[in-house]
Amino acid sequence: MPVKDLTISGSPEIVKKKTSEKPVAERPQKVGFVSLGCPKNLVDSEVMMGLLARAGAELTRRAEDADVIVVNTCSFIDTAQQESVNTILEMAGHKTAGKAKKLVVAGCLVERFRDQIRKDIPEVDAVVGTGELEKILSATGVATAHAPTNSPFTILTSRPEGDARAAQGRFSRESWDGAIGDLPNYLYDEETPRVLATPQHMAYIKIAEGCDHPCTFCIIPQLRGQFRSRRFESVIAEAGRLAQSGVREITLIGQDTTCYGEDLGLKDGLALLLDKLAAIESLRWVRFLYAYPNKITGKLLETIASHEKICSYMDVPLQHASASALKRMKRGGGAEVFLKSIEKMRRVIPDLTLRTSFIVGFPGETEKEFEELCDFVREAQFDWMGAFSYSDQEGAGAFDLENKISPREIERRRKHLMSIQRHISKKKKKALVGLEFDLLLEGESEESDLLLEGRTPMHAPEIDGKVLVNDYPEELEPKPGQFYRCEITEAHDYDLVARII
């Protein structure tokens, strides 16, 4: 989970203080952000930056120039936690060197280790949890006299499923030292300021927060609270405003986007939302991430298939394919059920791009179960696939399960599974050579300044392979953020090479 190099825009306001003689310009606080983890965390960073900018802070990309540094952390798995700690320590160095005056830690790591962060890293001046985004103003010390005083937007609706899980203790954090009693319930709305940290042509919209599912490998429900949807009109209003500002691609995100609207009494809420977003004239691409397998309805598939603007792309994290392993994960399903679902998805959406992810080495995973997973991957032929090594998390149901797999064996299985997928991916990418696609150009490639880089509808931002552009008409001056027609000329394991035509 890489550190996000936040591209921020906007000029600072100068807050003037009145004296008996003449106004004196007070230099705005310079605040630098480091955002770790998933796009959902990135949106939280954008909201906090928006709140700070509205209150008069100046945002900077350079930690060495910042008066205040904010690290928005991830705590999903061990490697993410370690990366978060390493980044906090790195940013603490700027404070020790004397430039930065404050260090603030925000996000999921705070929910999990609130007291320990302050105790073990004394350079940290304040912490802000996932449900306390509005507290970034007091945490950073940015003057709030000129900031609007409207209360933070909170969602108090819930689903019967979530209420039942709460009664069963699904959201309990009693074993976490320092965790506050109230679960996060904050959720921004269309009036909440945001400073986009993505390229100007694309943006994420968080349509829901929290999760009610009982998965035993996951602590997100304790970190993020019960599932809650944003108001339908709020999402449409934000999407419209983003489109007016030049955004051409919108990606809807949430812990489970396919549950969207259930707590608001909507049936097929995500399908209804996609239908409305497709009607926004200046948007070119709309997609959503993280579909729960048993929440993919016929209506949703038909809506995707019926709109050219909705990318024919589904991200369905299946987690495993063995029914017995999935039962221990409290996920349900199995290879046979999943294959039938995949067949239906591909039948309704003929040009579908299908992504999934799996957890390898879950406690008790036998060689037979792992082979079931490998066989399933060979048969399902996913376009994109990720494999995560199981990570033991205190507070997750799997933490107390027996028959833990050794880290060495988990890594062996992960590499083996990814080697299977690499061959599948290479074959699928070769089949694209000679075909034409719409291409969203993103700029120069990191691999070489002689190459350009972009994405097709088959590529979600940041998580899928790349399209490298090595040729275009002489009279053309390709510009980042613009759409072009391209022809695929070459294929590699995961990346494609194309020419603009």
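How each quantity is defined
- Residues numbered from 1 in each chain as written.
- Predicted model: local features only at pLDDT ≥ 70, side-chain atom pairs only at ≥ 80, totals over all residues.
- Heavy atoms only, no water.
- Helix = DSSP H or I, 4+ residues; strand = E, 2+ residues; numbered from the N terminus.
- Rg over C-alpha atoms; globule rule 2.2 N^0.38 Å.
- Buried < 20%, exposed > 50% of the residue type's maximum accessible area, 1.4 Å probe, protein only.
- Contact = heavy atoms within 4.5 Å.
- Areas by Shrake-Rupley, 256 points an atom, 1.4 Å probe, with all protein chains shown as cover.
- Lys, Arg positive; Asp, Glu negative; His and termini not counted.
- Charge placed at Lys NZ, Arg CZ, Asp CG, Glu CD.
- Expected span 1.5 Å × (residues − 1).
- Arc of directions from axis to C-beta.
- Phe/Tyr/Trp six-rings, centres within 6.5 Å; stacked < 30°, edge-to-face > 60°.
- Lys NZ or Arg CZ within 6 Å of the ring centre and 35° of its normal.
- Disulfide = S-S within 2.5 Å.
- Core = buried A, V, L, I, M, F, W, Y, C linked by side-chain atoms within 4.5 Å.
- Salt bridge = Lys/Arg side-chain N within 4 Å of Asp/Glu carboxyl O.
- Pairing = 2+ DSSP bridges.
- Axes fitted to C-alpha atoms, helices over the stretch in contact; angles between N-to-C directions.
- Right-handed = clockwise from strand over helix to strand, strands pointing away.

**Student:** Would you take a moment to explain the overall build of the protein chain for this structure?
**Tutor:** A count of helices and strands for the protein chain gives 13 helices and 20 strands. Relative to a compact globule of 501 residues, whose C-alpha radius of gyration would be 23 Å, the protein chain shows 23 Å and is just as compact. When the 501 residues of the protein chain are sorted by exposure, 55% land in the buried category. When contacts within the protein chain are restricted to residue pairs at least 6 apart in sequence, long-range pairs at least 24 apart make up 75% of them. Element-wise, carbon and sulfur atoms account for 50% of the exposed surface of the protein chain, whose accessible area totals about 22,100 Å². Computing the positive centroid from 67 side-chain charges and the negative centroid from 77, the protein chain places the two 2 Å apart.

**Student:** What is the right way to read helix 12 (residues 367-380) from this model?
**Tutor:** For an α-helix the count is 3.6 residues per turn, leaving residues at separations of three or four pointing the same way. The terminal C-alpha atoms of helix 12 lie 20 Å apart, and with 14 residues this matches the ideal 20 Å at 1.5 Å per residue to within 8%. Where helix 12 is concerned, the buried positions are E369, F370, L373, C374, F376, V377 and A380. Seen end-on, helix 12 carries its buried residues on one side only, within an arc spanning 160 degrees. In helix 12, the exposed residues that point more than 90 degrees away from the buried face are K368 and E379. Here the buried face of helix 12 lies against helix 10 (323-328), helix 11 (335-348), strand 14 (353-360), strand 15 (384-389) and helix 13 (407-430). Of the residues trailing helix 12, Q381 is marked for its positive phi of about 55 degrees.

**Student:** Would you mind going over the packing of aromatic side chains with me for this structure?
**Tutor:** Think of a pair of aromatic rings as described by two things: how far the centres are apart, and how the planes are tilted against each other in angle. Within the structure shown, the criterion is met by 6 aromatic pairs. Here F362 and Y390 contribute two aromatic rings whose centre-to-centre distance is 5.5 Å and whose plane-to-plane angle is 80 degrees, an arrangement assigned as edge-to-face. Residue F362 is found in the loop between strand 14 and helix 12, and its partner Y390 is found in the loop between strand 15 and helix 13; the two are separated by 28 residues along the sequence. The ring of Y188 carries R230 above its face, with NZ or CZ at 4.3 Å from the centroid. The aromatic ring of F399 is capped on one face by K404, whose charged end is 5.6 Å from the ring centroid.

**Student:** Whenever I open this one, the state of the cysteines confuses me. Can you help?
**Tutor:** Enumeration according to the criterion identifies 0 disulfides in this entry. The thiol sulfur of C218 is not disulfide-bonded, and the nearest other cysteine sulfur, from C215, lies at 6.2 Å. C218 sits in the buried class, given a relative accessible area of 9%.

**Student:** Please clarify how the environment of F113 should be interpreted in this entry.
**Tutor:** Within the secondary structure layout, F113 lies in helix 3 (residues 108-120). The spatial distance from the C-alpha of F113 to the C-alpha of S172 is 15 Å, given a sequence separation of 59 residues. Those residues in contact with F113, other than ones at most four positions away along the chain, are S75 and Q81.

**Student:** I'm lost on unusual backbone geometry in this one. Help?
**Tutor:** The phi torsion of most residues other than glycine is negative, and most of the peptide bonds are trans. With phi around 75 degrees, Q319 is a residue other than glycine that occupies positive phi space. Relative to the helices and strands, Q319 resides in the loop between strand 13 (313-315) and helix 10. Its identity as a non-glycine residue notwithstanding, K330 has a phi of 60 degrees, on the positive side. Examined against the element boundaries, K330 turns out to sit in the loop between helix 10 and helix 11. For K330, a relative accessible area of 51% translates into the label exposed.

**Student:** Just checking my understanding: could you explain the nonpolar core for this structure?
**Tutor:** Buried together is how nonpolar side chains tend to be arranged in soluble globular proteins. One finds L252, M314 and L417 to be the most contacted residues of the largest nonpolar core, which totals 110 residues. With 7 residues, helix 1 (residues 39-54) is the single largest residue contributor to this core. Look past the residues within four positions of L417 in its chain and what remains in contact with it is F358, V360, F370, L373, C374, V377, M385 and A387. Counting 18 residues, the second largest nonpolar core, distinct from the first, contains V34, V105, L109 and V110.

**Student:** It is not clear to me how helix 1 should be interpreted in this structure. Could you clarify?
**Tutor:** The end-to-end C-alpha distance of helix 1, which contains 16 residues, comes to 22 Å, matching closely the 22 Å that a straight helix rising 1.5 Å per residue would cover. Counted residue by residue, helix 1 has 14 buried out of 16 residues, so it is predominantly covered.

**Student:** Is there a simple way to explain the pattern of salt bridges in this structure?
**Tutor:** For side chains of opposite charge, pairing can occur when their charged atoms come near one another. Considering all chains together, one arrives at 45 salt bridges under this definition. Its salt-bridge partner being R62, residue D65 comes within 2.7 Å of it at the nearest N-O pair. Overall, D65 belongs to the partly exposed group, its relative accessible area being 25%. Exposure remark for R62: the relative accessible area of 45% places this residue in the partly exposed category. Between E369 and R328 there is a salt bridge; the shortest N-O distance is 2.9 Å. Of this pair, E369 sits in helix 12 while R328 sits in helix 10, placing them 41 residues apart in sequence. Taken together, the shared-partner salt bridges in this structure form one network comprising R159, E161, R165, D212, E262 and K295.

**Student:** Looking at this structure, how should I read the sheet that holds strand 11 (residues 249-253)?
**Tutor:** Hydrogen bonds along the backbone pair up the strands of a sheet, which may run parallel or antiparallel. Across the sheet, 3 strands lie side by side as 8-11-12; this open sheet has parallel pairing. Unpaired on one side and paired on the other, strand 8 (202-206) and strand 12 (285-288) mark the two borders of the sheet. Neighbour-to-neighbour, the strand axes of the sheet open up by a mean angle of 20 degrees, direction not taken into account. Inspection of the sheet shows strand 8 paired to strand 11 by 5 bridges, in the parallel sense.

**Student:** Looking at this model, I keep getting lost on the environment of S45. Mind explaining?
**Tutor:** In this structure, S45 sits in helix 1. Since its relative accessible area comes to 0%, S45 is described here as buried. Each C-alpha atom of the pair S45 and S35 lies 6.5 Å from the other, and the pair is 10 residues apart in sequence. With sequence-adjacent residues up to four places away left out, S45 is seen in contact with F33, S35 and N72.

**Student:** Whenever I open this one, the pairing of strand 15 confuses me. Can you help?
**Tutor:** Across a regular strand the side chains alternate sides, sitting on one face of the sheet and then on the other. Of the pairings in the sheet, the one linking strand 14 to strand 15 comprises 6 bridges and is parallel in character. Directly across from V360, in strand 15, lies its bridge partner S389. Following the backbone out of strand 14, through helix 12 and into the adjacent parallel strand 15, one traces a crossover that is right-handed.

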